Amino acid sequence: MKYLHVLTLLFLFSCGTTRQSSIEKPNPNALIDITHAPIDARKQLQTITFGSCNKENEPQPFWTEMQPLKPDLWIWLGDNIYADTNEDKVFRAKYNRQLSNKDYAKFVRRTPVVGIWDDHDYGVNNGGKEFAQKDIAKAAMLDFLQVPTKAEVRKREGAYQSYTFGKGDTQVKVILLDSRYFRDAPIRENRKYIPNETGTILGAAQWKWLESELKNSNAKIHLIANGIQVLQEEHAYEKWENFPNERQKLLDLLIEYQVDTPILLSGDRHISEFARMEYKGKSIVEFTSSGLTHSYDALESEPNKHRVGKLITSLSYGCMMIDWSGEIPKVTLQIRGKGNKVLEEIRF
């Protein structure tokens, strides 16, 4: 009897140890747990910073330089890491490399962060809907951004999201468009893109969602962000003009729903520039902010009939400042370089 009692105790102890071990076993692909500043929808946004093209293993000078501005929000515009992989462990290792950057970790503890991807953090250069591991990439990115597990974006296909900040007449709506997950293949001839007249960038479900977001918005300022340039028509790289019907559809929605102060945000190009376009009586501005860790400094010029100001080919990030003191908000957009130098600025 005593022998059986001892065996029973050993069995229970063994089961308990096994169960305890399975609970405590670390996830080899888990992301570093860094507390992010909470996203407060009630907060009135006055300073917003944003950028793209960030190699996680290269020097990142801007996280400390942005701190004196005390930004109310940071927006990732894509290529937030350079993964170019179909393996979950590689995505997460590279996000962990970014999270282990002490300056970035300090920055996100103070500054709320939202964002969307472009191709390199999506997983494949210039990739679209054909990428088989896009849901693995999506989960890793949303974990990196600390998007809540119950958020709607977790339940649907694609990574598109929206956030509205402020109250009453000081609302800012941030719309993050996914120009990768649903995008049809572009058409290329002699290594150059030619218009795909029938393909889609956003896909039917995302277009329906975007229309609802614009139709039902009371915001005074709308930031519409995605990875690739919208207004640019002339260069030979990725851009919305490669799918001209999609580009026109986006611009037409801004007109149809009389969207207040639409500002397009984009990245991808390793350059920064402002563009402005008069479309059916409405002024539409695009701010391309690209080159947090590397830039196209060999590029001296590039045609863009919509460009306002200079083409910036050095490292930079974007800054938007809003003055709510008058009846109509006053917006200042700045391309800022090393040492927080203002390289180019427009106001409206």
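In the block above lies the structure referred to throughout.
It should be emphasised that the depicted structure is a prediction, and the values quoted were computed from it without experimental measurement.

Draft legend 1. Here's a closer look at the overall build of the protein. Looking only at helices and strands, the protein has nine helices and 15 strands in total. In terms of overall size, the protein behaves like a compact globule, its C-alpha atoms giving a radius of gyration of 23 Å where 348 residues would be expected to give roughly 20 Å. Overall, the protein is about 95 × 50 × 45 Å in size when its C-alpha atoms are taken along their principal axes. Expressed as a percentage of the 348 residues in the protein, the buried residues total 55%. A sequence separation of at least 24 residues applies to 70% of the contacts in the protein between residues at least 6 apart. When the accessible area of the protein is evaluated, it comes to approximately 16,400 Å², of which 50% is carbon and sulfur surface.

Draft legend 2. Representation of the pattern of salt bridges. Per the counting criterion, the structure on display carries 20 salt bridges. Taking the shortest distance from any N to any O, the salt bridge between Glu213 and Lys173 comes out at 2.8 Å. Of this pair, Glu213 sits in helix H8 (residues 204-215) while Lys173 sits in strand E5 (residues 172-176); the two residues are 40 residues apart in sequence, bridging distant segments of the chain. Judged by its relative accessible area of 16%, Glu213 is buried. Judged by its relative accessible area of 8%, Lys173 falls in the buried class. A salt bridge links Lys280 to Asp252, with the shortest nitrogen-to-oxygen separation between them at 2.9 Å. Note that Lys280 is positioned in the loop between strand E10 (272-279) and strand E11 (282-288) and Asp252 in helix H9 (residues 244-256), a separation of 28 residues in sequence. For Lys280, a relative accessible area of 56% puts it in the exposed group. Linked through salt bridges whose partners overlap, the residues forming this network are Asp88, Arg92, Asp143 and Arg154.

Draft legend 3. Quick peek at the sheet that holds strand E12 (residues 307-312). Read across the open sheet, the seven strands follow the order E4-E5-E8-E9-E11-E10-E12; overall the sheet is mixed. The two strands at the open ends of the sheet, each matched to only one other strand, are strand E4 (161-165) and E12. Averaged over all adjacent pairs, the angle separating strand axes in this sheet is 15°, with direction ignored. Where strand E8 (residues 221-225) and strand E9 (residues 262-266) come together, four bridges link them in parallel fashion. In the strand pairing of E9, Ala225 is matched with Leu265.

Rules used throughout
- Residues numbered from 1 in each chain as written.
- Predicted model: local features only at pLDDT ≥ 70, side-chain atom pairs only at ≥ 80, totals over all residues.
- Heavy atoms only, no water.
- Helix = DSSP H or I, 4+ residues; strand = E, 2+ residues; numbered from the N terminus.
- Rg over C-alpha atoms; globule rule 2.2 N^0.38 Å.
- Buried < 20%, exposed > 50% of the residue type's maximum accessible area, 1.4 Å probe, protein only.
- Contact = heavy atoms within 4.5 Å.
- Areas by Shrake-Rupley, 256 points an atom, 1.4 Å probe, with all protein chains shown as cover.
- Salt bridge = Lys/Arg side-chain N within 4 Å of Asp/Glu carboxyl O.
- Pairing = 2+ DSSP bridges.
- Axes fitted to C-alpha atoms, helices over the stretch in contact; angles between N-to-C directions.

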